[in-house]
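# An overview of the molecular structure
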Amino acid sequence: MHKERHDERLSDDELKLFIQYLHRFANHDVDIFLNLEVGDPEFPVYVMFGRDYPPIGEASDYHRPFAGRRQPTSTTDIDDGG
């Protein structure tokens, strides 16, 4: 694994790509569940992927990234007569 730029935050473009890849990963690689340890080995982050109800809290506690932004699905819009 390359350690280049691990001390930098993701740019807005990188974050968008990460979310796109995360959606693809969840749709194609997560069968029932997957638990990972990532990040700095001295201060790891534990990540749980699962297809069951959220293990902690309510489903409404979990938000979809960029859900508040309108994602264009075509070049025309039903509201603009297209």
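Model, not experiment: these values are computed from the prediction.

Conventions adopted
Residues numbered from 1 in each chain as written. Predicted model: local features only at pLDDT ≥ 70, side-chain atom pairs only at ≥ 80, totals over all residues. Heavy atoms only, no water. Helix = DSSP H or I, 4+ residues; strand = E, 2+ residues; numbered from the N terminus. Buried < 20%, exposed > 50% of the residue type's maximum accessible area, 1.4 Å probe, protein only. Contact = heavy atoms within 4.5 Å. Areas by Shrake-Rupley, 256 points an atom, 1.4 Å probe, with all protein chains shown as cover. pLDDT = per-residue confidence, 0-100. Pairing = 2+ DSSP bridges. 1 Å grid on protein atoms, 1.4 Å probe; cavity = no way out; pocket = protein on both sides within 12 Å on 5 of 7 lines; lining within 4 Å. Points joined across faces, edges and corners; volume = space filled by probe spheres on them. Nonpolar A, V, L, I, M, F, W, Y, C, P; charged D, E, K, R; others polar. Phe/Tyr/Trp six-rings, centres within 6.5 Å; stacked < 30°, edge-to-face > 60°. Patch = residues over 30% accessible without salt bridge, like charges linked within 9 Å, V, L, I, M, F, W, Y side chains within 5 Å. Salt bridge = Lys/Arg side-chain N within 4 Å of Asp/Glu carboxyl O.

## Concerning the overall build of the chain
Secondary structure assignment for the chain yields 1 helix and 2 strands. For the chain, the residues scored as buried account for 5% of the 82 residues in total. A fraction of 23% describes how many contacts in the chain between residues 6 or more apart in sequence connect residues 24 or more apart. For the chain, the accessible area works out to roughly 8,300 Å², and carbon and sulfur atoms hold 54% of it.

## Let's talk about the confidence of the model for the chain
When pLDDT is averaged along the chain, the result is 79, and 79% of the positions lie at 70 or above. Confidence, expressed as mean pLDDT per element, reaches its minimum in the chain at strand E2 (residues 45-50) with 90 and its maximum at helix H1 (residues 12-29) with 92. This model gives residues 72-82 a pLDDT under 50, and the stretch forms 3 contacts once residues within four places in sequence are excluded.

## With respect to the pairing of strand E1 (residues 33-38)
Summarising burial for E1: 0 of the 6 residues are buried, a small minority. Bridge count between E1 and E2: 6 bridges; the pairing is antiparallel. Looking across to E2, one finds that Glu 37 is bridged to Tyr 46. The loop that links E1 with its antiparallel partner E2 comprises 6 residues; one of these, Gly 39, has a positive phi angle of about 90 degrees.

## Comments concerning the layout of surface pockets
Looking at the largest pocket, its volume works out to about 970 Å³. Taken together, 22 residues form the lining of the largest pocket, with Ala 26, Met 48, Phe 49, Gly 50 and Tyr 62 sitting closest to its centre. With 5 residues, the top contributor of residues to the lining of the largest pocket is H1. Its residues assigned to classes, the lining of the largest pocket shows 14 nonpolar, 5 polar and 3 charged.

## Remarks on the packing of aromatic side chains
Scanning all chains against the criterion turns up 1 aromatic pair. For the pair Phe 25 and Phe 49, a centre-to-centre distance of 5.5 Å together with 70 degrees between the ring planes defines the contact as edge-to-face. Placement of the pair is Phe 25 in helix H1 and Phe 49 in strand E2, with a sequence separation of 24 residues.

## Section: the environment of Gly 50
For Gly 50, the location among the structural elements is in strand E2. For the pair Gly 50 and Leu 34, spaced 16 residues apart in sequence, the C-alpha separation works out to 6.4 Å. Sequence-distant contacts of Gly 50, defined by excluding residues within four places in its chain, comprise Ile 32 and Phe 33.

## Section: a nonpolar patch on the surface
Residues Leu 10, Leu 15 and Phe 18 make up a contiguous nonpolar surface patch of roughly 270 Å² in combined accessible area. The exposure class of Leu 15 is partly exposed, given its relative accessible area of 33%.

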